[in-house]
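Chain by chain, the residues run as shown.
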Amino acid sequence: MDNKNLLLAVFADIDPAAHAVDLLRSLGFGEDQISVISGFPISEAMFGRKPQKSHVPLMALGGSILGLLVGLFFGVWTPLTYPLNVGGQPLVAGPPVIIVIFEMTMLGMLLSTFIAVFLDSKFPNLKPMEYVPEISDGKIALLINCEGHNCDAVSKELQQSGAESVRKAEANPL
Amino acid sequence: MAVMANSNQLHGKGHVMEPDHEAHLREEHLMLDPRPRSELNAMVMESMTTTSWKFWAVAGFLALVVAVCLGYYWYLMIRDGMGIAGINKPVYWGIFLVNTVFWIGISHAGTFVSALLKVFKAEYRRPFTRAAELMTTFGLVQAGLSIFMHMGRVWLFYWLFPYPNERGLWPNFHSPLAWDFLAINTYLLSSTMYLTMPLIPDFAMARDRSTGWRKSLYRVLAMGFRGTEAEWRHLRFAMNLFAYAILPVMFSVHTIVSWDFAAAMRPGWSSTIFGPYFVIGALQSGLSAVSMVLIVVRSTMKNMKYFIRPEHLDALGKLMLIISMSWGYFFFNDYIVQWYNGDKYTDLLLHFHEAGPVGYMWFLMIIFNVVIPWATLWNKKIRRNPTALFIIGFLVNVAMWFERYIIIPTSLSINRFPFTYQFYKPGVEIPLSFGTLALFILLYMLATRILPIVPVWEVHEGQAAHSIKKFGKEPVVTISDLE
């Protein structure tokens, strides 16, 4: 996004922010021109928006499969490669393999889910970003790319719709 | 409210209670007593940054205990060998493994409180999930240290890892000890990740209202979190998945720990019920420890009386009572089958538990684990009394430590070879045990200076979801599902 065309509108609560999103839509803004930022969990449904794309579920599935394969490697391949006779049990015995596979599958799933959150959210990101500390005080902010629109006019409309403040968004160190 | 009160006075005596009831609900439940988010943030920041000289005096004392009891005595054991510990033949497993099982048990509380209560949407969990999760991570650290102590040659710990090597050594994946290694590490990593993720928005909150070194620290820890829809979406999905997936991992950990014993053909150990018995035992000690920690946090940290209220102690007290009943059931179930089977050595062992040199531990275990919780925790006033609940929690933890002591070194003293009978007298294990306890408390204390101990955004979300609705004349609590 070009910084020159970015507006940051701060709202006291979720309802005026949701109305402002409707207003922006009516002014011809596309969904990709609006971002909602909040200090507590918000869902896209609260603003009548489509869910954001997330790779976390797919990564979790991939991690589970990888973990399962590692479990098979430990439980099946290694006893055949390094044979140890344990109380006359078969080298590859079902019950111990199930335990090893379970632990490795769970570890794979949870680890990949954790990594996926970081990758999808682009963490860590220490670059300057458009943000105001009031957001973590419970305010809702709309980051609007007003390219193709009159930024000043949009700003006035947002103020009239209940925004506490509307300003040019500047990227600052967080 | 004033208008409502006037109106009620006009409507007679019965209705005068109505606003009182609503006021009582708000006073009782944190979720119904909302404050502006900025105020919540300020309260949590203040609790982290306000530190008295007493705090540092206690921390300094604990650091000294850690240095002497853990550092010095471990050094002695490494220098002089395991001979200075009390383990002998046939008691190869002593207090180090008692402590390992004990600390893994303590670690179960964090996951139980945080994940299970989240899955069941128990709203009262919100302010104290992090305080409980911290116990999981620090408890597992102590469990790991205890295993390292038990190893003796601790510098060879990496032999546990399965990797190709010139010695031709390879972990035996048929052994419960190898499963332990996998399960404990899976649990340590999972619970640390589960602790970390919800911390990110709170680190961002702390970043936004800190200066100096704290600002730099929280800036790095928050990793650029702003609270966009996408960030919340990823975080929410991951936390929900963790809440469901970490529960079977939690159950597997203590079940596998129980198999270290149950898979051996020994009197007192070979039991099909050891898995759930150990899991319940872990929850018994873990929940009691959570109650104790919350009571200390509430009474020593600034503003915590707002977040941690009698309702939370009450809820934990009820859980402690239910778990105590379950522990009694599993204990008796395990006991009667062994008592009934008529095996000579099992019979001998059971009598040894009750009438041997540490028979007092067996009786105190029953009294502290069953008699006292059942006699007291049914009473609401006792459950809501911090001092009473702290004492009950402490006694339960003493009892659970005794239980592990009875299962491990006491049971190992007696076996099928009478000529090998020998009692266990701990040596260097005692200062090392105090060292791990001191390290746990020290790490926890230091963490409360750096980590927001209350997940503010979760409390904010919960308060936003709760409201009081009139159902006829009766004010009732309603909860919106915002997730």
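A. Up close: the state of the cysteines. Residue and element names in this part refer to chain A. Here the structure, examined in full by the defined rule, presents one disulfide over all chains. A sulfur-sulfur separation of 1.9 Å characterises the disulfide bridge that pairs Cys146 with Cys151. In this structure the cystine formed by Cys146 and Cys151 twists about its S-S bond by roughly 70°; its chirality is therefore right-handed.

B. The interface of chain B and chain A, seen in detail. On the side of chain A, 60 residues touch chain B, which itself brings 55 residues to the contact. Carbon and sulfur atoms make up 70% of the surface buried where chain B meets chain A, a total of about 5300 Å² over both sides. Per-residue buried area on chain B facing chain A is highest for His174, Arg226 and Glu229 of chain B; these three make up 17% of the total on that side. Where chain B meets chain A, there are three salt bridges. The closest approach of N and O atoms between Glu229 of chain B and Arg49 of chain A, which form a salt bridge, is 2.8 Å. Here chain B and chain A share 23 residue pairs in polar contact (both at pLDDT 80 or more) between them. For the side of chain B that touches chain A, the secondary structure elements donating two or more residues are helix H3 (37-49), helix H7 (176-196), helix H8 (199-208), helix H9 (212-222), helix H10 (229-262) and helix H19 (456-465) of chain B. A per-element tally of the side of chain B that touches chain A places H10 of chain B first, with 18 residues. Residue composition of the side of chain B that touches chain A, grouped by class: 29 nonpolar, 14 polar and twelve charged.

C. Structural detail: the pairing of strand E2 (residues 474-479) of chain B. All names here are of chain B. Across six bridges, the pairing between strand E1 (residues 466-471) and E2 is antiparallel. Across the sheet, residue His466 finds its bridge partner in E2, namely Ile479. The turn linking E1 back onto E2 is made up of two residues, and Gly472 within it adopts a positive phi angle of 70°.

Calculation rules
Residues numbered from 1 in each chain as written. Chains lettered and ligands numbered in written order. Predicted model: local features only at pLDDT ≥ 70, side-chain atom pairs only at ≥ 80, totals over all residues. Heavy atoms only, no water. Disulfide = S-S within 2.5 Å. Contact = heavy atoms within 4.5 Å. Buried area = accessible area lost by both parts, 1.4 Å probe. Salt bridge = Lys/Arg side-chain N within 4 Å of Asp/Glu carboxyl O. Polar contact = N/O pair within 3.5 Å; in protein donor to acceptor, adjacent residues only side chain to side chain. Helix = DSSP H or I, 4+ residues; strand = E, 2+ residues; numbered from the N terminus. Nonpolar A, V, L, I, M, F, W, Y, C, P; charged D, E, K, R; others polar. Pairing = 2+ DSSP bridges.

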